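Letter by letter, the chains look like this.
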Amino acid sequence: MRYWNMKRMIISALAVICAASLGSCIKEIDATGGTATEKSVTLETMLRGIPAAMVKAGSAGYAGQGAAWDFGYPAIHLAMESMTGDLVITGSIGYDWFGQWGTNEALGGDYAVCVLTWNTFYTWIYMANQVINKIGSADTSSLSAEQRAYLGHAYAYRAMFYFDLVRMYEFRPNAVTEGENVKGLGVPIVMPDTPESVAKNNPRASVEDIYNKVIFPDLDKAEELLSGYVAPDKYTIGSSLVYGLKARAWLERGTPDDETEDLEAYRKAAEYARLAINTSGCTPLTQDEWEDPNNGFNNANSNNSWIWALALPSESVSALFCFTAHMATESWSAYASEVGRGINKNLYNSIDRHDFRRHSWLDPDRSVYNYRSCRNDSREYFSETLKDYANIKFRPAQGNYVDFMTGGAADHCCMRVEEMYFIEAEAMGHIDPLDGAKYLNDFMNSYRMTDGYKYDCTNRSSTVQSFLNELMLQKRIEFWGEGVVMFDMKRLNMSSRRGYVGTNSPASYRLNCDGRAPYWNFVISRGESQNNTALADLNNPDPSGKVKPWTE
């Protein structure tokens, strides 16, 4: 790793934090009620720097060059959504700053977009390592309550970052590219005591080692250190997020490449998903919360669903470098309204008409539902400006579609409790598909169906695979646009299709993949391969252009 570059980036991130008071900070914890020491303030500032860096415009270093895809974790989620096939461009592709991910062009190591994931995640890992190093982790029994909380947060962050990285960069077999020389490899491990000389020749660790030496140990430590700690808000990590991360991780470990499922891993996934549900006290979004024209998917405090979120304060909003600018189609931003990100027509048509989630996208017949909007001219805007299937799921903050600083200051959801219900259902379904169907039926009928209509997937769950197909259909609908399902599709070797007769996708985006897409195996940037010599011959194959757009 290029520590000199990381240090430069962390200094920049901390400067932003010191200049602005963030809602997404770690609150000062002093069990004795006394004045915080200089050391505790320093630790708090360091921890505040992590979530702030995660939503910082230019976090990958390319905002100054006008790359409007450079705005941290929300941008990474949008990039992954663009790769699933479920997201389509209903408007002008000329405004799509995520077109490279959507069309599988220029995704190789020589291209700038590779730094969005690599540079950012390793910067954030460096920041977490700094906190761990400053507190020291040898004997946690001697730590104060404040220090235990800070250390627990740092371990949770680091586990989260390595978990996302290994899911992105692990080469998983596909029908298009070959990667036998990198099979089973994840990413380099960088710890607080990793010297620069080692970082410059640091090979990709095995996937097994990353889980067994970093992810699960870090989550275990976070669970222990945060035991009894009550997070003061949705922007602060608590035990429920740690349980949720464990649920995600065990679900991933249940589905290895050799397709020999690990049923014990699935049991643990279900166990931790239930712990996250119970510990969080969260409940799934109601229809009113989901369709709220002012607070829909932009405000952690407007609902009881979100487990953990990132905040973007208005003073830190950059007009074209935030999630709202690209996804909130009601906003004034030219990107969001002109590009009109929407849903794949086939996926939309699979949503039951009694399922209120269908209202997240504009039906070709606008009269089928009285769509709620934050705009004064919504009737005309929805019918004459936005195209069919455009999304209205993500709203400008406070419903302010004119002032970009206010409307762009949207909270970004990183985990909501509904995901835990889906993990629990899937994990139980791997063990017994009919049991999994009961869990899915219960969720859908309790939280998503309207007009007294009953959902029942029992007849579509005779095998594990048939159940998984149905569960993933509902999960793709549930988490459209949120950066969740690409990981599931890669894990489960799912197909993606934007090319078919009657498609609503632009021609260059009509990619069809039987089984997992080759571009779900992310490529390491050339700059990193040059600075870390051990990576020179261990990169994932460049998938760019290897899947040709479907034509009629």
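Along each chain, numbering runs from 1 in the same order as the chain's sequence is written. A pLDDT threshold of at least 70 governs which residues receive local features in this predicted model, and a stricter bar of 80 or more applies before side-chain atom pairs are shown or counted, although totals over entire chains, interfaces and linings include all residues. Only hydrogens and water are set aside; all other atoms, that is, all heavy atoms of the structure, feed into the side-chain values.

Novice: Honestly, the overall build of the protein in this entry has me stumped. Any pointers?
Specialist: Each helix is a run of DSSP H or I of at least 4 residues and each strand a run of E of at least 2, with the numbering of both proceeding from the N terminus. From N to C terminus, the protein includes 21 helices and six strands. Computed over its C-alpha atoms, the radius of gyration of the protein comes to 22 Å, within 12% of the 24 Å expected for a compact globule of 552 residues. Principal-axis analysis of the C-alpha atoms places the extent of the protein at approximately 65 × 50 × 50 Å. For every residue, the accessible area (1.4 Å probe, protein chains only) is compared with the maximum for its type, and the residue is labelled buried under 20%, exposed over 50%, or partly exposed between those bounds. Taken over 552 residues, the protein has a buried fraction of 62%. Whether two residues are in contact is decided by their heavy atoms: any pair within 4.5 Å suffices. In the protein, the proportion of contacts linking residues at least 24 apart, taken out of those at least 6 apart, comes to 73%. In the form shown here, the protein has an accessible surface area of approximately 20200 Å², with 47% of it arising from carbon and sulfur atoms. The distance from the centre of the 52 positive side-chain charges to the centre of the 68 negative ones in the protein is 2 Å. C-alpha atoms define the radius of gyration, and 2.2 Å times the number of residues to the power 0.38 defines the globule rule. Here the accessible surface of atoms and residues is derived via Shrake-Rupley with a 1.4 Å probe, and residues count as covered only by protein chains that are part of the display. Positive charges come from Lys and Arg alone, negative charges from Asp and Glu alone, with His and the N- and C-terminal ends not counted. Where a charge sits is defined by one atom per residue type, namely NZ (Lys), CZ (Arg), CG (Asp) or CD (Glu).

Novice: Where do I start with the nonpolar core in this structure?
Specialist: Soluble globular proteins tend to bury their nonpolar side chains together. What makes a nonpolar core is a set of buried Ala, Val, Leu, Ile, Met, Phe, Trp, Tyr and Cys residues whose side-chain atoms join them at distances within 4.5 Å. Ranked by size, the top nonpolar core spans 160 residues in total, and within it Y157, Y162 and W308 carry the most contacts. In terms of residue count, the dominant contributor to this core is helix α6 (residues 145–169) (16 residues). The next biggest cluster of nonpolar side chains, apart from the first, holds six residues, and it includes A300, W306, A309 and C413.

Novice: Even after reading the chapter, I still don't get the pairing of strand β2 (residues 306–310), so can you show me in this structure?
Specialist: The buried count for β2 comes to five of five residues, which makes it a mostly enclosed element. Here, any two strands with at least 2 DSSP bridges between them count as paired. Relative to strand β4 (residues 412–416), β2 runs antiparallel, the two sharing four bridges. Looking across to β4, one finds that W306 is bridged to R416.

Novice: How do you make sense of the state of the cysteines when you look at a structure like this?
Specialist: One way to say it: the disulfide is the covalent bond shared by the sulfur atoms of two cysteines. Any cysteine sulfur atom paired with another within 2.5 Å is treated as part of a disulfide. Per the stated rule, a full pass over the model turns up zero disulfides. Unpaired in terms of disulfides, C322 finds its nearest cysteine sulfur in C374, a separation of 14 Å. Judged by relative accessible area, C322 falls into the buried class, the value being 5%.

Novice: What exactly am I supposed to notice about unusual backbone geometry here?
Specialist: Across residues other than glycine, the phi torsion is negative in most instances, and most of the peptide bonds are trans. With phi around 75 degrees, Y389 is a residue other than glycine that occupies positive phi space. Here Y389 is to be found in the loop between α15 (378–385) and α16 (404–407). A relative accessible area of 9% means that Y389 is categorised as buried.

Novice: For this particular structure, what's the right way to read the confidence of the model for the protein?
Specialist: Do not read the predicted coordinates in detail wherever pLDDT is low. Confidence of the predictor at the level of single residues is given by pLDDT, which spans 0 to 100. Taken as a whole, the protein shows an average pLDDT of 92; of its residues, 92% reach a score of 70 or greater. Low pLDDT, under 50, characterises residues 1–38; the stretch is placed with 78 contacts to residues that sit more than four places away or in other chains.

Novice: What is the right way to look at the packing of helix α9 (residues 239–253) against helix α17 (residues 417–431) in this model?
Specialist: A pair of packed helices can be characterised by two numbers: the angle between their axes and the separation between those axes. In the contact formed by α9 and α17, the axes pass within 10 Å of each other and the chain directions differ by 35 degrees. Between α9 and α17 lies a crossing of left-handed hand. Contact with α9, carried on its side by G244, A247, R248 and L251, involves E419, M420, I423, E426 and A427 of α17 and no other residues of that element. Three residue categories are used. Nonpolar comprises Ala, Val, Leu, Ile, Met, Phe, Trp, Tyr, Cys and Pro, charged comprises Asp, Glu, Lys and Arg, and polar comprises the others, including Gly. Tallied by class, residues from the contact of α9 with α17 come to five nonpolar, one polar and three charged. Simply put, an axis is a line fit to the C-alpha atoms, just over the touching stretch for a helix, and the angle between two N-to-C directions goes from 0 to 180 degrees. When the near helix sits turned anticlockwise from the far one by under a right angle, the crossing is termed left-handed; a clockwise turn instead gives a right-handed crossing.

Novice: Sorry, what's going on with the pattern of salt bridges here?
Specialist: Opposite charge on two side chains allows them to pair when their charged atoms are near. Definition used for salt bridges: Asp or Glu carboxyl oxygen within 4 Å of a side-chain nitrogen of Lys or Arg. Applying the stated criterion to the full structure yields 35 salt bridges. One salt bridge connects D218 with R158, and the closest N-O pair in it is separated by 2.7 Å. Here D218, found in helix α8 (residues 207–225), pairs with R158, found in helix α6; they are 60 residues apart in sequence, far enough to count as distant. According to the relative accessible area criterion, R158 is buried, its value standing at 3%. A cluster of three or more residues bridged by salt bridges with shared partners is formed by D355, R357, K393, R416, E418, R448, E478 and E482.

Novice: Where do I start with the environment of K183 in this structure?
Specialist: With respect to the element layout, K183 can be found in the loop between α6 and α7 (196–199). Measuring from C-alpha to C-alpha, the distance between K183 and E170 comes to 7.4 Å, with 13 residues separating the pair along the chain. Among residues more than four places away in sequence, those in contact with K183 are P173 and D257.

Novice: How do you make sense of the packing of aromatic side chains when you look at a structure like this?
Specialist: Think of a pair of aromatic rings as described by two things: how far the centres are apart, and how the planes are tilted against each other in angle. Pairs were defined over the aromatic rings of Phe, Tyr and Trp, the Trp ring being its six-membered one, requiring ring centres within 6.5 Å. Orientation was assigned from the angle between planes: stacked under 30 degrees, edge-to-face over 60, tilted for the rest. Under the counting rule described, the total for this entry stands at 37 aromatic pairs. Arranged with centres 6.1 Å apart and planes meeting at 80 degrees, the rings of Y73 and F121 form a pair that is edge-to-face. Residue Y73 is found in helix α3 (residues 73–82), and its partner F121 is found in helix α5 (residues 115–135); the two are separated by 48 residues along the sequence. Here the two residues Y73 and F121 agree in accessibility, since each one is buried. When the centroid spacing of 5.0 Å and the interplanar angle of 85 degrees are considered together, the rings of W118 and Y169 count as edge-to-face. Here Y169 lies in helix α6 and W118 lies in helix α5, a separation of 51 residues in the sequence.

Novice: For this particular structure, what's the right way to read α5?
Specialist: One turn of an α-helix holds 3.6 residues; hence residues three or four places apart share an orientation. Look at α5: 30 Å from first C-alpha to last across 21 residues, which is about the 30 Å you get at 1.5 Å a residue. Most of α5 sits out of view: 18 of its 21 residues are buried. For a helix, the expected span equals 1.5 Å multiplied by the residue count minus one.

Novice: Could you clarify how one ought to interpret the packing of α8 against α9 in this entry?
Specialist: Taken N-terminus to C-terminus, the directions of α8 and α9 make an angle of 160 degrees; their axes are 10 Å apart at the nearest point. Taken together, the axis directions place α8 and α9 in an arrangement best described as roughly antiparallel. Like other packed secondary-structure pairs, α8 and α9 cross with a definite hand, here left-handed. Each of V207, E208, Y211, F216, L219, D220, A222 and E223 in α8 lies in contact with α9, whose residues at this interface are V242, Y243, L245, K246, A249, W250, E252 and R253. A breakdown of the residues in the contact of α8 with α9 according to their chemical character gives 10 nonpolar, no polar and six charged. An angle below 35 degrees is treated as roughly parallel, one above 145 as roughly antiparallel, one from 65 to 115 as roughly perpendicular, and anything else as oblique.

Novice: Would you mind showing me how to read the side chain of R358 here?
Specialist: Relative to the assigned elements, R358 resides in the loop between α14 (345–349) and α15. Judged by its relative accessible area of 6%, R358 is buried. Not counting the four nearest positions on each side in its chain, R358 is found in contact with Y348, N349, I351, D352, R353 and D363.

Novice: Explain the side chain of R357 to me, please; I cannot follow it from the model alone.
Specialist: For R357, the location among the structural elements is in the loop between α14 and α15. Within the structure, the side chain of R357 is placed 2.7 Å from the side chain of D355, a separation counted as a polar contact. What qualifies as a polar contact is a pair of N or O atoms within 3.5 Å, subject to a donor-acceptor requirement within protein and to the restriction that residues adjacent in sequence count only when both atoms come from side chains. A distance of 2.9 Å separates the side chain of R357 from the side chain of E478, its partner in a polar contact.

Novice: What's the story with the environment of D164 in this structure? I'm lost.
Specialist: In this fold, D164 is placed in helix α6. Judged by its relative accessible area of 3%, D164 falls in the buried class. Here the alpha-carbon distance between D164 and T117, two residues 47 residues apart in the chain, equals 9.5 Å. For D164, the contacting residues outside a window of four places in its chain are Y73, F121 and F487. Of the polar contacts made by the side chain of D164, one reaches the side chain of R167; its length is 2.7 Å.

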